[in-house]
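The chain contents come next:
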Amino acid sequence: MLDIAARISAFETLGRFISQYQDERPDEDLKKINAYFLEGFRHTITEAGIYNNWFTKDNVEFALQQWSNALTQDNLEAWVGRYPKEAFEPKTQKTIAIIMAGNIPLVGFHDFLTVLLTGNKVLAKPSTDDDKLLPFLAQILVAIDKRFAEIINLASGQLKEFDAVIATGSDNSARYFDHYFGKYPNVIRKNRTSVAVLTGDETPEQLKELGWDVFRYFGLGCRNVSKLFLPQGYDINNIFKAFFDFSHVVDNKKYGNNYDYNRAIFMMEQHKFLENGFVILKENEALHAPAAVVYHETYSDLDSLNDKLSGLENQLQCIVSEDEKVNNAIAMGEAQQPNLWDYADKVDTVSFLQSVQ
């Protein structure tokens, strides 16, 4: 079994490899790996977008850049340092089945990383929507340290012979996962989304940063803002002005089709909404908006809104705001830049894996 120092070193090297996706001067320390894999890596980035049109080159490269930034020696050691050493020195090596989503590029990589970093074996089933990038990165990891070959298994069919399950999907698939995997120790994630709280004091620059939280990955991730809470009397034209630079999203055929479809449905059903040619803003108390739509709702005071958001905790991934009075908020523009210890659905998977021992 690899010790924790070797595991950290391998993932740090993987992070340096990932950083080269558009570098014209590759890392000389990775010369041997680059000779076999670097051109293939660039091809895989393109291939991922061919098989899934949501995975544009810009969004795939953004996801890769975030992982390259995260997989540093300092970040990995800081993450490991939050736990007792026993969390990364299992008594017995368990096989953890990971059923991955495919809504955004490499969305299952954090589970993959966590299972391996804690000294366990991966039995992963990537989504058919995202089955190019992670298998390639797994190859790189084995090339960095061949001992990973014994503890990484990427499956395409039925999962067998495992000790625990981490599964991510929709509310509907969660019921399926619970039926089939309920007898195993498990983490089963459901639909979540993110919201933003505006006060009217935001600068145009801050509102533009909010645009990244809304439009990155075309709004398909759980960390994407799909709902705005606005103070009474807020001029919604401020939102449209700030979002103008993101108009290119409608050029993506899938996004454009969703925009046209939802606009047509709202018009036929005579709903009130505002639109600017690439995004629809609609007043609605629901949290989850369809693609190309952002819901909004007014509030009267922050204290009452904080209470309301607290009651919605199990449905929310992030709360974005520039006002420090908003509980547990992160700054605008940071929703898609989580730390290694910012867990999906707020379920600490390191602690979960430790409990499986």
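What counts and how
- Residues numbered from 1 in each chain as written.
- Predicted model: local features only at pLDDT ≥ 70, side-chain atom pairs only at ≥ 80, totals over all residues.
- Heavy atoms only, no water.
- Salt bridge = Lys/Arg side-chain N within 4 Å of Asp/Glu carboxyl O.
- Helix = DSSP H or I, 4+ residues; strand = E, 2+ residues; numbered from the N terminus.
- Buried < 20%, exposed > 50% of the residue type's maximum accessible area, 1.4 Å probe, protein only.
- Pairing = 2+ DSSP bridges.
- Contact = heavy atoms within 4.5 Å.
- Axes fitted to C-alpha atoms, helices over the stretch in contact; angles between N-to-C directions.

## Side note on the pattern of salt bridges
By the definition in use, this model includes 13 salt bridges. For the salt bridge of D58 with R216, the shortest nitrogen-to-oxygen distance reads 3.0 Å. Separated by 158 residues along the polypeptide, D58 in helix 3 (residues 57-70) and R216 in the loop between helix 8 (204-215) and strand 7 (225-231) bring together distant segments of the chain. On the basis of relative accessibility, which here comes to 7%, the residue R216 falls in the buried class. In this structure, D345 and R192 form a salt bridge, with 3.4 Å as the shortest nitrogen-oxygen distance. Of this pair, D345 sits in the loop between strand 11 (316-320) and helix 12 (349-356) while R192 is found in the loop between strand 5 (186-189) and strand 6 (193-197), placing the two residues 153 residues apart along the sequence. Three or more residues are tied together by salt bridges with common partners; here these are E12, R16 and D27.

## Concerning the sheet that holds strand 11
An order of 8-9-10-7-6-11 is seen for the 6 strands of this open sheet, with the pairing classed as mixed. Strands with a single pairing partner mark the edges of an open sheet, and in this sheet they are strand 8 (274-275) and strand 11. Pairing geometry for strand 9 (residues 280-283) and strand 10 (residues 293-299), over 4 bridges, is parallel. Within strand 10, the position partnered with I280 by the bridge is V293. Along the sheet, helix 8 makes contact with strand 6, strand 7, strand 10 and strand 11, crossing strand 7 at roughly 140°. On the sheet, helix 10 (residues 253-268) packs against strand 8, strand 9 and strand 10 and is oriented at approximately 35° with respect to strand 9.

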